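# Observations on the model geometry
One-letter residues, chain by chain:
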Amino acid sequence: MMPKLLQINITANWGSHGKIAEGIGKLAISQGWDSYIAYGRYANASASQLYHIGNMPDEYVHVAATRLLDRHGLGSKKATRQLVEYIRQLSPDIIHLHNIHGYYLNYPILFHYLKEAGIPVVWTLHDCWPFTGHCAHYMTEACDRWKTECYQCPLSHEYPKSWFYDRSLQNFKQKRQAFLSVKNMTIVPVSKWLEKEVSQSFLKGFPIRQIYNGIDISKFCPREDESIKDKYHIPPHHKIVLGVASKWYRNKGLYDFFTLKEELPENYSIVLVGLNKKQMNSLPNGIIGIERTNDIRELAALYTAANVFFNPTWEDNFPTTNIEAMACGTPVVTYNTGGCAECITDSNGFVVDQGDISSACKYILQISKNPGNNYQTACRNHAESRYDEQNCYKKYLNLYYSLIAK
């Protein structure tokens, strides 16, 4: 009888986490597993069998409870009970959790079932929400209350946003009680930085296995396209500084690019991918905006055309955009945020302090004045050797086998 894998995530084959779950599912299927993905919203066609958790009205109610009462992860009771019944009937051998926040799931109900079922659980942490009383990222506030007990959250107005109440202490205690009730669980942080943070949280008693997020190095590879500059009206003689994000906002470094533009010479164009129409209409001269693209060939061509990839994020764990750029042969300059520096070596980029635009500019100019195959080869080799998604997925499959063999 074939083993069954059930993954739970906010999306299915959509966005970075959804595509990771999809890749793991595909590999499991190729090894004789049955693969299932339960998701909250947004899905593309999948090799796995999909189960949609809840509906939009339920999600709206959950959003309201979060905004008005700071009760994120505590709504969606009916939808989660239905999910539990689905899991009972499915009887998976492994349950793999990804992002369980996002207005679609009730974690106390889910974890009560996981405690009773005793099924081995793998939980990939893509952010810090599982061990805080409110936030998904605390870097901008340098907050460490989560190490003991959260209270008076300085980020209560950030995702998952609460307008009036601060239940960070109650949320912290409720998460701790629910998550620690499950004994057969392995925590998988996606960076060494996040592994260190988890080891200082209330989750530290669980087995911890760090696994990086990988990328498809067959799609993200050097891809020369002479038409890419013409398509986006980039002056042919200009150097290109590229930024890519699924969603741009202040803490992703949007306005740091504005400051950078003022320091760069006139023959440099900044190209930002992932902007919305409002943001594109408000860009200063010299910054070219591109809306989000699902065309990986074009994105790889943009990475390849860039002289430097700049990632001035103020909150992140391990951004795959850094390694996508490297896989296309483009060196990276990044802030020392979370696990951003973990993929940088002496031969493929530079790390600067958060907000240090002058140093970032200096390194961007240094890289751009010394172009050539040295950077391209070093970047590509590093991405191939460390971040091939198939090798990352195999680590998950090996973990599954070790758990069901116990």
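What comes next is a walk through the structure. Nothing here was measured: the structure is a model prediction, and the numbers come from that model.

Rules and cut-offs
Residues numbered from 1 in each chain as written. Predicted model: local features only at pLDDT ≥ 70, side-chain atom pairs only at ≥ 80, totals over all residues. Heavy atoms only, no water. Pairing = 2+ DSSP bridges. Helix = DSSP H or I, 4+ residues; strand = E, 2+ residues; numbered from the N terminus. Axes fitted to C-alpha atoms, helices over the stretch in contact; angles between N-to-C directions. Parallel < 35°, antiparallel > 145°, perpendicular 65-115°, else oblique. Left-handed = near helix turned anticlockwise from the far one by under 90°. Contact = heavy atoms within 4.5 Å. Nonpolar A, V, L, I, M, F, W, Y, C, P; charged D, E, K, R; others polar. Phe/Tyr/Trp six-rings, centres within 6.5 Å; stacked < 30°, edge-to-face > 60°. Buried < 20%, exposed > 50% of the residue type's maximum accessible area, 1.4 Å probe, protein only. Lys NZ or Arg CZ within 6 Å of the ring centre and 35° of its normal.

### A short note on the sheet that holds strand β12 (residues 349–352)
The strand order across the open sheet built from 6 strands is β9-β8-β7-β10-β11-β12, with neighbouring strands paired in parallel fashion. On the outer flanks of this sheet lie β9 (287–291) and β12, each paired with one strand and no other. Ignoring strand direction, the axes of neighbouring strands in this sheet form an average angle of 20 degrees. For strand β7 (residues 239–244) and strand β8 (residues 268–275), the ladder comprises 6 bridges, and the chain directions are parallel. Residue pairing in the sheet places L242 in a bridge with V271 of β8.

### What to know about the packing of helix α1 (residues 15–30) against helix α14 (residues 389–404)
Running from N to C, α1 and α14 point in directions that differ by 65 degrees, and their axes come no closer than 9 Å. One finds that α1 runs roughly perpendicular with respect to α14. By crossing handedness, the relation of α1 to α14 is classed as right-handed. Listed contacts from α14 to K19, I20, G23, I24, L27 and A28 of α1 are Q390, Y393, K394, Y396, L397 and Y400. Broken down by class, the residue content of the contact of α1 with α14 amounts to 8 nonpolar, 2 polar and 2 charged.

### Quick notes on the packing of aromatic side chains
Applying the stated rule across the entire model yields 27 aromatic pairs. Ring geometry for W14 and Y42: centres 4.7 Å apart, planes at 35 degrees, overall tilted. Here the residue W14 occupies a position in the loop between β1 (4–9) and α1, and Y42 occupies one in the loop between β2 (34–39) and β3 (49–52), the gap between them amounting to 28 residues. Classification of Y42 by relative accessible area gives partly exposed; the value is 48%. Over the face of the ring belonging to W129 we find K175, whose NZ or CZ atom lies 3.5 Å from the ring centre. Taking NZ or CZ as reference, R292 lies 4.9 Å from the ring centre of W14, over its face.

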